[in-house]
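# Fold and contact review
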Amino acid sequence: MFNKRETIFTTRSCGTLEEMCHDILVQASGERLLKIAFFCGASNDSEYLEILGTLRSAVDCFFLTDKPLVSYIAQKPGDSQLAAEAIYLTDTGAGIEHHERYILLSDGTCREIITEGIVPHDISMTAFEQSMEIFSTIGDILRSNGFGPSDIYRQWNYIQHITAGNDGSQNYQEFNDARSIFYADADWSNGYPAATGIGTGAGGIMVELCATKGYNAPNKPIDNPLQIAAHSYSQKVLDGKVVEMLNEKTTPKFERARILGTKIFISGTAAIKGESSDMSNDTVEQASITMEIMNRLIAADNIPVANNGAQYELLRVYVKRERDIPATRSYMEEHYPAVPKHYLVADICRPELLIEIEGVAHI
């Protein structure tokens, strides 16, 4: 893994989408910008595709060379009409190879892949069909560079209408089954990636990931004593039906966090203790429980390498109900005022959950 810096940007003025995008690009432009992920609401797939085209066109016009990777996630920001996260490479000696859907970083024996949002050719297909195609594309990217699925250390899984489904199916479960099929032949003796599975308002299924190979530093999963590992959930908390090629519903294949070197990548975390999410219908209370769980996750005695404690570097806060963002923001700013964070309207993987939080910390 190479040293990188992540920064959150929001548009400073209202206007057309092109004008707001340009404003963010002016703020974000900088040396060794690798990737920019935009967040903007969309009410349907047609609007999503139109926004995606506008954002890609704006980036193409702004950057004449060394264009950053572009992702667009259909989640409405809580603080502006358009927000973005930019990733910069701070390792000045690392080489950068730009490819159509990913960037390859290299320095001696260490290599790293960062992808943009990988999407299917047709977002009207079922969630399972979209997911299978996406993982096929990811497999091609990994194999062409000598990587395997178990080299993935961080993954984001965006799922339109995550808890919806038809004829007894559920979009999230269909995605999990496709992921399990893709992961089936890999060696996971060192644990799964840190990952987030979160809802979007439009755009079908999209997956982003980071993978590393030859990294000579600690690369370990972190479990949480307050939660059952997601990949060990029982069948009773899995929704939907069994897909035709499997014998049972498969679990979400991710770790609660991973540590690479001095960085901790925290998976999407909600108010789930054990495997139960029988919580109150109060978003701030769920936020408090979620942060209690995350604080235990990164406690010094829970990190599997020598350390003096950890500090959050960035938090991404997903809130199901837009009306709950002001109260959620007040709570988070009161308790974690120094941590850069932003708030996004997004559906969560269980109907009773109202908030999910992911982040990056360092020891």
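Scroll up to find the structure.
To start, this report covers the structure provided alongside it. Keep in mind it's a predicted model, so treat the numbers as computed, not measured. (Residues numbered from 1 in each chain as written. Predicted model: local features only at pLDDT ≥ 70, side-chain atom pairs only at ≥ 80, totals over all residues. Heavy atoms only, no water.)

### Some remarks on the pattern of salt bridges
- Tallying each qualifying case throughout the model produces 17 salt bridges.
- With a shortest N-O distance of 3.0 Å, glutamate 112 and lysine 4 are connected by a salt bridge. Of this pair, glutamate 112 sits in strand E8 (residues 110–115) while lysine 4 is found in strand E1 (residues 4–10), placing the two residues 108 residues apart along the sequence. An identical accessibility class is assigned to glutamate 112 and lysine 4; each is buried.
- With its nearest N and O atoms 2.5 Å apart, the salt bridge here joins lysine 263 to glutamate 313. Of this pair, lysine 263 sits in strand E14 (residues 263–269) while glutamate 313 sits in strand E15 (residues 311–319), and the two are 50 residues apart along the sequence.
- Note on lysine 263: relative accessible area 17%, which makes it buried. (Salt bridge = Lys/Arg side-chain N within 4 Å of Asp/Glu carboxyl O. Helix = DSSP H or I, 4+ residues; strand = E, 2+ residues; numbered from the N terminus. Buried < 20%, exposed > 50% of the residue type's maximum accessible area, 1.4 Å probe, protein only.)

### Thoughts on unusual backbone geometry
- Its identity as a non-glycine residue notwithstanding, arginine 32 has a phi of 60°, on the positive side.
- Looking at the element boundaries, arginine 32 is found in the loop between helix H1 (17–28) and strand E2 (33–39).
- Non-glycine residue aspartate 66 carries a positive phi angle of around 50°.
- Topologically, aspartate 66 is positioned in the loop between helix H2 (45–62) and strand E3 (69–73).
- Under the relative-accessibility criterion, aspartate 66 is labelled exposed at 55%.

### As for the environment of glutamate 352
- Residue placement: glutamate 352 occurs in the loop between strand E16 (341–345) and strand E17 (355–362).
- C-alpha of glutamate 352 to C-alpha of lysine 320: the two residues are 32 residues apart in sequence and 10.0 Å apart in space.
- When near neighbours in sequence (up to four residues on either side) are disregarded, glutamate 352 contacts Ser277, Gln286 and Lys320. (Contact = heavy atoms within 4.5 Å.)

### Quick notes on the pairing of strand E6 (residues 95–98)
- Bridge analysis of E6 against strand E7 (residues 102–107) gives four bridges, and the strand direction is antiparallel. Opposite glycine 95, over in E7, you have serine 106 as the bridge partner.
- Taken together, E6 and the strand that follows it, E7, pair antiparallel across an intervening segment of three residues. (Pairing = 2+ DSSP bridges.)

### A short note on helix H5 (residues 283–297)
- The first and last C-alpha atoms of H5 sit 21 Å apart over 15 residues, in line with the 21 Å expected at 1.5 Å per residue.
- Regarding H5, the residues found buried are Thr283, Gln286, Ala287, Ile289, Thr290, Met291, Ile293, Met294 and Leu297.
- Of the surrounding secondary structure, the elements contacted by the buried residues of H5 are strand E12 (219–222), strand E13 (257–260), E14, E15, helix H6 (325–335) and E17.
- For H5, the N-terminal capping position is held by aspartate 282, with its side-chain oxygen 3.1 Å away from the main-chain nitrogen of valine 284. (Expected span 1.5 Å × (residues − 1). Polar contact = N/O pair within 3.5 Å; in protein donor to acceptor, adjacent residues only side chain to side chain.)

### Quick notes on the nonpolar core
- If you look at the biggest cluster of nonpolar residues, it comprises 95 residues, and the most contacted ones within it are Phe38, Tyr72, Leu82 and Ile138.
- Residue contributions to this core peak at seven residues, all from helix H3 (residues 127–144).
- Residues in contact with leucine 82, not counting those within four places in the same chain, are Thr10, Thr11, Leu17, Met20, Cys21, Ile24, Phe38, Phe39, Cys40, Leu55 and Pro77.
- The next biggest cluster of nonpolar side chains, apart from the first, holds 26 residues, and it includes Ala287, Leu297, Ile325 and Tyr336. (Core = buried A, V, L, I, M, F, W, Y, C linked by side-chain atoms within 4.5 Å.)

### Describing the side chain of glutamine 130
- Mapped onto the fold, glutamine 130 is located in helix H3.
- Glutamine 130 gets classed as buried once you look at its relative accessible area, which sits at 4%.
- Separated by 3.2 Å, the side chain of glutamine 130 and the backbone oxygen of isoleucine 123 make a polar contact.
- Apart from residues lying up to four places away in sequence, glutamine 130 is in contact with Pro120, Asp122, Ile123, Met125, Gly204 and Ile205.

### A few points about the side chain of threonine 250
- Note that threonine 250 resides in the loop between E12 and E13.
- The exposure class of threonine 250 is buried, given its relative accessible area of 12%.
- Polar contacts involving the side chain of threonine 250 include one to the side chain of serine 180, which spans 2.8 Å.
- In this structure, threonine 250 is in contact with Gln173, Asn176, Asp177, Ser180 and Leu238, ignoring residues within four places of it in sequence.

### Examining the sheet that holds E14
- Taken together, the seven strands give an open sheet; going across it, the order is E4-E16-E15-E17-E14-E13-E12, and neighbouring strands pair in mixed fashion. Pairing within the sheet leaves two strands with one partner each, and these edge strands are strand E4 (76–77) and E12.
- Taken strand by strand, H5 contacts E12, E13, E14, E15 and E17, and its axis lies near 30° from that of E17. (Axes fitted to C-alpha atoms, helices over the stretch in contact; angles between N-to-C directions.)

### A few points about the state of the cysteines
- Tallied over the entire structure, the rule returns zero disulfides.
- Here cysteine 210 is not cross-linked by a disulfide; its sulfur's nearest cysteine counterpart is in cysteine 110, at 13 Å.
- Residue classification places cysteine 210 among the buried residues on the basis of a relative accessible area of 6%. (Disulfide = S-S within 2.5 Å.)

### Side note on the packing of aromatic side chains
- With the rule as written, the count across this model stands at ten aromatic pairs.
- Ring plane angle 20° and centroid distance 5.0 Å describe the contact between phenylalanine 135 and phenylalanine 182, whose orientation is recorded as stacked. With phenylalanine 135 in helix H3 and phenylalanine 182 in helix H4 (residues 171–183), this residue pair connects regions lying 47 residues apart in the sequence.
- Feature note: the residues Phe135, Phe175, Phe182, Tyr183, Trp188 and Tyr192 constitute an aromatic cluster, connected by ring pairs.
- Between arginine 350 and the ring centre of tyrosine 233, over which it is positioned, the NZ or CZ distance is 5.3 Å. (Phe/Tyr/Trp six-rings, centres within 6.5 Å; stacked < 30°, edge-to-face > 60°. Lys NZ or Arg CZ within 6 Å of the ring centre and 35° of its normal.)

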